[in-house]
Amino acid sequence: MATPHTIAVAGKGGVGKTTTCGMLIDYLCKKNRGPVLVVDADANSNLNEVLGVEVETSLGQIREEMAQAELKGTIPAGMTKAEYAEFKFNSALVEEDDFDMLVMGRTQGKGCYCYVNGVLKAQVDKYANNYSYIVMDNEAGLEHVARGTLPHVDTMLLISDCSRRGVQAVARIAEMIDEMELKPGKMGLIINRAPNGILDEGIKAEIDKHGLELLGVLPQDDEVYRCDCNGEPSAKLDQNNPVKVALRGIMQDLGL
């Protein structure tokens, strides 16, 4: 299979980034663009809930289990540490009909994420060429993109709500992307939760001020809000849902 098209989604917490990411994945699957590898690289994300997927383990949890096994000497007899790690990390891939999913999760112990970052990169590298698309939900700091977890970002989607603070936050992320010389093939802004799907003039001016390319606007929607409140998978809402319709238009304009 050819090199996958990689899509990275970024934005500060609370702007609907993960919901948008879930609907994007649903769009690719409904268009038979798969198979898709979904990477939840935001330790605070609940992308699996948005997609309606049970995740039993994360890379962070496995890293903790391995550390405990090493301390207690419970690595199975006849297996090296590397073999045991490979066996355990293979179990982290959640396989669905149209997409597979890797969840980074969080580590319980102290120390940095360097080890788990390395594992995530190794897992993505190992699986990447089995997929048409890789979609990664990132934390606002873009640590995983910066560390080269993705081989290259083809499409970088910056998500903001329709507030000045949200736009300023994604403008800082855009600056970071330039400073890190990530050079995504395409980068643009999606504004989420706009009342009636209409942008305020002040927000338009803020977007222009920061030189961001606006890809489109997603409306505030009661059904999405209900799903978020009840822990229901918003990605599985009807295809005629206004947010899904608006996002579909954006994706089609991007040629995805």
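What counts as what
- Residues numbered from 1 in each chain as written.
- Predicted model: local features only at pLDDT ≥ 70, side-chain atom pairs only at ≥ 80, totals over all residues.
- Heavy atoms only, no water.
- Helix = DSSP H or I, 4+ residues; strand = E, 2+ residues; numbered from the N terminus.
- Buried < 20%, exposed > 50% of the residue type's maximum accessible area, 1.4 Å probe, protein only.
- Contact = heavy atoms within 4.5 Å.
- Polar contact = N/O pair within 3.5 Å; in protein donor to acceptor, adjacent residues only side chain to side chain.
- Pairing = 2+ DSSP bridges.
- Core = buried A, V, L, I, M, F, W, Y, C linked by side-chain atoms within 4.5 Å.
- pLDDT = per-residue confidence, 0-100.

**Section: the environment of Glu206**
Okay, so step 1: Along the chain, the position of Glu206 falls in helix H8 (residues 201-209).
Okay, so step 2: You can call Glu206 buried: its relative accessible area is 5%.
Okay, so step 3: Taking the C-alpha atoms as reference, Glu206 lies 7.8 Å from Gln168; in sequence the two are 38 residues apart.
Okay, so step 4: When neighbours within four sequence positions are excluded, Glu206 is seen to be in contact with Arg164, Val167 and Gln168.
Okay, so step 5: A polar atom in the side chain of Glu206 sits 3.2 Å from the side chain of Gln168.

**Side note on the sheet that holds strand S6 (residues 155-161)**
Okay, so step 1: Strand order in the open sheet formed by 8 strands is S3-S4-S2-S5-S1-S6-S7-S8, with mixed pairing between adjacent strands. Both edges of this open sheet fall to strand S3 (94-95) and strand S8 (214-219), since each of them pairs with a single strand only.
Okay, so step 2: When strand S2 (residues 36-40) meets strand S4 (residues 99-103), the two strands line up parallel, connected through 5 bridges. Considered in S4, the bridge of Val38 is made with Met101.

**Regarding the nonpolar core**
Okay, so step 1: Counting 36 residues, the largest nonpolar core has Ile7, Leu24, Ile25, Leu51, Ile190 and Met251 as the members making the most contacts within it.
Okay, so step 2: Every residue in contact with Met251, bar those within four places of it in the chain, is listed here: Leu24, Tyr27, Leu157, Ile190 and Leu256.
Okay, so step 3: In this structure, Leu37, Ile62, Ala69 and Leu102 belong to the second largest nonpolar core, which totals 22 residues.

**Quick look at the confidence of the model for the protein chain**
Fine structural detail should not be taken from predicted coordinates in areas where pLDDT scores are low.
Okay, so step 1: Within the protein chain, residue pLDDT values average 84, and 90% of them lie at 70 or more.
Okay, so step 2: Per-element averaging of pLDDT across the protein chain places helix H6 (residues 143-146) at the bottom with 60 and S8 at the top with 95.

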